[in-house]
Amino acid sequence: QVRGIPRHQKDSKMSDKKVPSFPLLRDIGDKTAPVVICFVTGGMSHNWALIDQELADNGLRVVTFSARFTMGAPYESAWDGDKDTAHFFGEMAKAYDPAGPDFDAPYSFSDCVADFKVVMEQLGVKKAAVLGFSTGGMMAQLAITAFPDCVTCGVCCSSGYDPNAVGENLDEVKEKIAKNMARMANAPKAVSGDEASVVANRLALMGAMMDAEEPESEDPRAPYLTERAKDDFALGLVDYVGMGEPRSALAWALWTRDKGLEEHHRRMETNTVPTLLVHGKADPLVPFSEAAVLHKHFANSTLVAHEFGHILGPADSQKRLAAKIAGFIKMHATA
């Protein structure tokens, strides 16, 4: 076995092939307006439901699809086989070590970005803008450099030059993964279609994903996070399958071991697609310094900073940034 090549993909008919279609979680705005296709991971829906409406109100057709690395994606089991999320958390601990053992990954980032073209075919459009948040921002980066003839412009929010750089902190990363695996194992069990159990499970997983303790009832964050978990359930971003981040991290690891990141970095140096980078100065997950490095190497990019963290801040900040993003997309749709 070649290091990093998932064992259960060797004879899989799904391996390295396109998904035939994707469920569109949201398709809003004027159907004749410029189209923006959005990569939004399950962890971002707690602010995305506000932003996509703002973009639509600013004159765009906004399409969000259930990306394969999103929590609870309905076809996730096509790659998982009989593996559960805890299994992939364990494999993720191996994948973070460049000199570590072989690891089991359900797919690669190259598969995920190819899905952008599938959605375009579904919509019957030949060109579209692409937008992504967090891991979705990395997907947007790849769509820009992989399909420049199909992308009018790109917007990458809260993403960096190296999506999972761990530097010298490998032991700390492994310790956090182990801790979050334990927390996940003890999370309340979710039952498919049952909002109360899914929301309780989601709140516990939010804590593991953000490396924060599960909010207690007296914590002022609890009502906010509870509402966002309900939004996730209503939008179809999370159900009983659980948290998709281990799969996303493994897809990145497989892609980087196949030299995908190196190739992406080479392509971005000569990028011709207008690209807007939006990043918070107080981002605790992807430091602003990573956005600065990305801007330095991403030709034809503009960096817009805001004062908040990984999301776009409170509602007034989201409104301002959404207007700026919409203006950028419309300008290049008609260029």
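Check the entry above for the structure.
The rules behind the values
Residues numbered from 1 in each chain as written. Predicted model: local features only at pLDDT ≥ 70, side-chain atom pairs only at ≥ 80, totals over all residues. Heavy atoms only, no water. Phe/Tyr/Trp six-rings, centres within 6.5 Å; stacked < 30°, edge-to-face > 60°. Helix = DSSP H or I, 4+ residues; strand = E, 2+ residues; numbered from the N terminus. Buried < 20%, exposed > 50% of the residue type's maximum accessible area, 1.4 Å probe, protein only. Arc of directions from axis to C-beta. Contact = heavy atoms within 4.5 Å. Expected span 1.5 Å × (residues − 1). Core = buried A, V, L, I, M, F, W, Y, C linked by side-chain atoms within 4.5 Å. Salt bridge = Lys/Arg side-chain N within 4 Å of Asp/Glu carboxyl O. Pairing = 2+ DSSP bridges.

Draft legend 1. View of the packing of aromatic side chains. Applying the stated criterion across every chain, the model contains three aromatic pairs. Taken together, a centroid distance of 5.4 Å and an interplanar angle of 35 degrees make the contact between F109 and W255 tilted. With F109 in helix 4 (residues 109-123) and W255 in helix 9 (residues 245-257), this pair connects stretches of sequence that are 146 residues apart. When sorted by exposure, F109 lands in the same class as W255, which is buried. On the numbers, 6.5 Å between centres and 15 degrees between planes, the contact of F116 with F147 is stacked. A residue pair is termed long-range when its members are at least 10 positions apart, and F116 in helix 4 and F147 in the loop between helix 5 (135-146) and strand 5 (151-157) qualify at 31 residues. Assigned by exposure class, F116 and F147 land together as buried.

Draft legend 2. Spatial organisation of helix 11 (residues 288-297). For helix 11, every residue scored as buried is listed here: E290, A291 and L294. The buried residues of helix 11 occupy an angular sector of 100 degrees when the element is viewed end-on, so they sit on one face. The elements touched by buried residues of helix 11 are helix 5, helix 10 (260-268), strand 6 (275-280) and strand 7 (301-306).

Draft legend 3. Examining helix 4 more closely. Here helix 4 contains 15 residues, and its C-alpha end-to-end distance of 22 Å stays within 8% of the 21 Å for a straight helix at 1.5 Å per residue. Note on helix 4: the residue one or two positions beyond its end, G124, has a positive phi of about 75 degrees.

Draft legend 4. Structural context of the nonpolar core. Counting 44 residues, the largest nonpolar core has I37, F109, F116 and V130 as the members making the most contacts within it. With seven residues, helix 4 is the largest single contributor of residues to this core. Contacts of F116, omitting those with residues within four sequence positions, involve I37, F39, A129, V130, A143, F147 and V151. Of all hydrophobic cores here, the second largest spans 25 residues; its members include I28, C38, F133 and F328.

Draft legend 5. Fine view of the pattern of salt bridges. Within this structure, the stated rule accounts for eight salt bridges. R320 serves as the salt-bridge partner of D316, at 3.9 Å between the closest nitrogen and oxygen. Here D316 and its partner R320 are both found in helix 12 (residues 315-333), four residues apart, which amounts to about one turn of the helix. The exposed category is assigned to R320, whose relative accessible area is 51%. One salt-bridge network, held together by shared partners, links D27, K31 and R61.

Draft legend 6. Highlighting the environment of F133. Here F133 shows up in strand 4 (residues 128-133). By relative accessible area, which is 1% here, F133 ends up buried. With 93 residues separating them in the primary sequence, F133 and V40 have C-alpha atoms 5.7 Å apart.

Draft legend 7. View of the pairing of strand 3 (residues 61-65). Counting buried positions along strand 3 yields five of five residues, so the element is predominantly enclosed. Here strand 3 shows a buried face lined by R61, V63 and F65 and a second buried face lined by V62 and T64. Relative to strand 3, strand 2 (residues 35-40) runs parallel, the two being bridged by four bridges. Residue pairing in the sheet places I37 in a bridge with V63 of strand 3.

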